[in-house]
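Listed below are the residues making up each chain.
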Amino acid sequence: MAMMVLDVDPKADSGFPCWNPVRRRFAPESPFFESGNIERELLAKQIALDLGEEEKHQLWRLLDDDCKDLFCPIVGCRARLTSLENFENHYNSQHAAACSVCYKVYPTSRLLSIHISEAHDSFFQAKVARGYPMYECLVEGCGLKFKSYKSRQRHLVDKHNFPTSYDFFKNKAAHHPSKKAREKKIHRKQAATTHKHEEDEEEEGTTSQKMDVEGEASVDSLTSALSNLTTGSTPSSVSFGRRNPRGLTFVPRSVHQRNNKKPEDSTPPP
Amino acid sequence: MSTMAEDGFASHKRDPVKSSVGGVASQKRRQHAVAVRKERRESLVRAKRLCRVGSSGDDADTPLNNAMMVDEEESVLDAQAAAAVEELKSAVANQGKGAMQKVVGALRELRRVLSRTEFPPIEAALEAGAMPLLVHCLAFGSPDEQLLEAAWCLTNIAAGKPEETKALVPALPLLIAHLGEKSSSPVAEQCAWALGNVAGEGEELRNVLLSQGVLLPLARMMLPSKGSTVRTAAWALSNLIKGPDPKAATNLIRVDGILDAITRHLRKADEELATEVAWITVYLSALSNLATAMLVKSNVHELLLHRLATSTSLQLLIPLLRSLGNLVAGDSQTTSAIFMPGQEITGKCDNKYNIIGVLTKCLKSEHRVLKKEAAWVLSNVAAGSVEHKQLIYKSEAVIPLLLHLLSTAAFDVRKEVAYTIGNLCVAAASEQDSGRLSLILDHLVFLVEKGCLPGFIDLIRSADTEAAKLGLQFMEMVLRGMPNGEGPKLVEREDGIEAMERFQFHENEDLRNMANGLVDRYFGEDYGLDR
């Protein structure tokens, strides 16, 4: 196995294990050499048994499929992966729930729906302003609700042992939205007069997020769908059939490389 | 004359009955076919080899075709095996005139039954009591023909399932004895083949054989310059020393004349023999420090490089490359001996006989195994001194090739290429610098400009923890090292932030912390404000 020594570089005070170039050595029976060993035996018997190219390929496919012990690394998933090449498919179909407004991606439908309520729903904000506990605990089954983002955060740390640095809903989309979000924003700015909607994030001390809510034809259908949202439901209506922007990785790599130069980004003003 | 409709009706009525019978049978056949396929696949990747044609070539039975066997054929063979064993039993018991001929005849028949197809009726033969008879037939003084046929039967029995191979235990000392220099060549070779199969079964049997003294006589069989016996002995030896216990490898290199034989074969032998010998060097270089030192002292690496540069046989290239890889991955003393300073570095970088040229050739191969292991070796070269890194960096052929592979090759190849590229960008911690790592900015900037970043970000998204870590570590170098604060912009452009955000829900805490740490440090609240 590769050994990356923890960096003692004073610059990396965060404790990040920086890349350390070391020679990697493997024992003969290491799984690293397995494919070469199998090739040895197949080649040796190929002559004796007249294995055709097609048959050899079939055998390789069968062996590749024996991808034992490979599981999805997302917390709580436990799905067995048939191959590393298939992980992306699995991830995008099972774990990527994309917000159709800001394109932020969540690993479960539940988290997505919570995000939509908290980030894009003016009714949600109205209720918060009137003092209702609206911020749900993120742990499924807990059921508790809180009056502020901060108090929910505190609850996660105190009761559910979340690390303090954890900020599931820190809306990074505000600071650097995905390319698609930026492109859409530019388009929207040109298409309609915008109306800035302030998101309540003062408690966090972060700059407020500006989201275009009006001028978006789908918002009405979005809010009506939202009022029907309950925890745990599958809000397939929310995604509006729009694909995860990361769907681009499905493109064969050679093509992907060619259309790589993105237009100059424009980060939204604070 | 019945009308079409009537016919249709009639046949429709009949079919359900027919198909249900056919259904059961065809389902059984399918299940059997799946089981046979699985067994076939396993037998093909097992390190044991069936002997189906004699080394002399004559008396070769026309082997049945290799199509998947059906029940009926199997039971026919089983019956034949049992019958042959019975015949042998009575021949052995017979004391009269011509007894010896009868024994040889019976053995030959049993051997034929055991060589006809890919899945010999081993179990049936053993159940009928073949083993004690075969052991008896190996007695000293027996005629060569008898020894040969008995050893051949044992070879094919040993090529089967683990419990079948283990059945040979009573025969082992005799097989070893017949390796002696007084034995006729075909007999010794057939015994070596049987022993090779036994050794290929597993560590336990290997240790039994070694304790019974198999190493020395088998090693001596490798000393001549050519012949099929040399090749079979080499193959059997490779199975014997593969470890994980390094003792056998170390003992082998100590045998008088072996080192010379190994280098001689690597230099001059035909590709088939060179292949088996190359596998021996794989295990020697992986397991035994003594062997490694002796091999390097005899300049075996030069031979490896030369063969690698000139051969096109995948079978040979794999063990040559791996031997080279094991040498390069060794301690620094070994590695410096391989890179003769001065000659390698000041010589032309793209010389096809030097290590970079050879690895380039393997990277260009269509075979995934060669690409992967070549990239591994190259990554170890890149993990060396700054001069070694420059050797790679300056090669006109290698860098574009690595970049291409990073975005297009199979996953396991991409991972090794990533190691190589990353190793090129940073110099190892040296004692003088109080353990600090220093980025080699020239290399980093150049490689990033050439578009290597998307490949690393792809690795971040992979399910493989090691690959994801590599991606994050490379990203950290980019974020920290790219001049003019370009790093974060570049990373964002390639969707690096989204890739890192995936780790919020990842079960691996180290990766979560690494990703979060980078996002917090480089894409925190201040990001975008200083535009």
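Residues numbered from 1 in each chain as written. Chains lettered and ligands numbered in written order. Predicted model: local features only at pLDDT ≥ 70, side-chain atom pairs only at ≥ 80, totals over all residues. Heavy atoms only, no water.

### Thoughts on the UniProt feature "domain: C2H2-type" (unreviewed entry) in chain A
Moving on, step 1. Under the present numbering, the feature "domain: C2H2-type" (unreviewed entry) in UniProt falls on residues 99-120 and 137-160 of chain A.
Moving on, step 2. Between the C-alpha atoms that bound residues 137-160 of chain A there is a distance of 10 Å. The span itself is 50% helix and 8% strand. (UniProt positions renumbered as here; feature names shortened; annotations may be inferred. Helix = DSSP H or I, 4+ residues; strand = E, 2+ residues; numbered from the N terminus.)

### A few points about helix α21 (residues 355-364) of chain B
All names here are of chain B.
Moving on, step 1. Among the ten residues of α21, eight are classified as buried, and the element is accordingly described as predominantly covered.
Moving on, step 2. Within α21 the residues assigned to the buried category are I355, I356, G357, V358, L359, T360, C362 and L363.
Moving on, step 3. Capping the start of α21, N354 holds a side-chain oxygen 3.1 Å from the backbone nitrogen of I356, two or three residues further along. (Buried < 20%, exposed > 50% of the residue type's maximum accessible area, 1.4 Å probe, protein only. Polar contact = N/O pair within 3.5 Å; in protein donor to acceptor, adjacent residues only side chain to side chain.)

### Points about the pattern of salt bridges
Moving on, step 1. Under the criterion given, the structure shown has 21 salt bridges over all chains.
Moving on, step 2. Among the salt bridges present, the one from E41 of chain A reaches R49 of chain B, with a minimum N-O distance of 3.7 Å. Taken together, the residues E41 of chain A in helix α1 (residues 34-49) and R49 of chain B in the loop between α1 (4-45) and α2 (71-93) connect one chain to another.
Moving on, step 3. Given a relative accessible area of 5%, E41 of chain A falls into the buried group. (Salt bridge = Lys/Arg side-chain N within 4 Å of Asp/Glu carboxyl O.)

### Description of unusual backbone geometry
Residues and elements named next belong to chain B.
Moving on, step 1. The omega torsion of the bond from G243 to P244 falls at 10°, within 30 degrees of zero and hence cis.
Moving on, step 2. Mapped onto the elements, P244 comes out in the loop between α12 (228-240) and α13 (247-254).
Moving on, step 3. The backbone phi angle of N299 is positive, close to 60°, even though this residue is not glycine.
Moving on, step 4. Inspection of the secondary structure assignment puts N299 in the loop between α16 (289-297) and α17 (300-310).
Moving on, step 5. Even without a glycine there, the phi angle at D495 is positive, about 65°.

### Some thoughts on the packing of aromatic side chains
Moving on, step 1. Enumeration according to the criterion identifies 15 aromatic pairs over all chains in this entry.
Moving on, step 2. On the numbers, 4.0 Å between centres and 15° between planes, the contact of F26 of chain A with F32 of chain A is stacked.
Moving on, step 3. What makes F26 of chain A buried here is its relative accessible area of 11%.
Moving on, step 4. Ring centres 3.7 Å apart and planes at 5° place the aromatic pair F456 of chain B and F474 of chain B in the stacked group. Of this pair, F456 of chain B sits in helix α27 (residues 453-460) while F474 of chain B is found in helix α28 (residues 465-481), placing the two residues 18 residues apart along the sequence.
Moving on, step 5. Residue classification places F456 of chain B among the buried positions, given a relative accessible area of 0%.
Moving on, step 6. F474 of chain B sits in the buried class, given a relative accessible area of 0%.
Moving on, step 7. The ring of Y419 of chain B is capped by R24 of chain A, whose NZ or CZ atom sits 3.5 Å from the centre of that ring.
Moving on, step 8. We note R152 of chain A situated over the ring of Y149 of chain A; from NZ or CZ to the ring centre the distance is 5.2 Å. (Phe/Tyr/Trp six-rings, centres within 6.5 Å; stacked < 30°, edge-to-face > 60°. Lys NZ or Arg CZ within 6 Å of the ring centre and 35° of its normal.)

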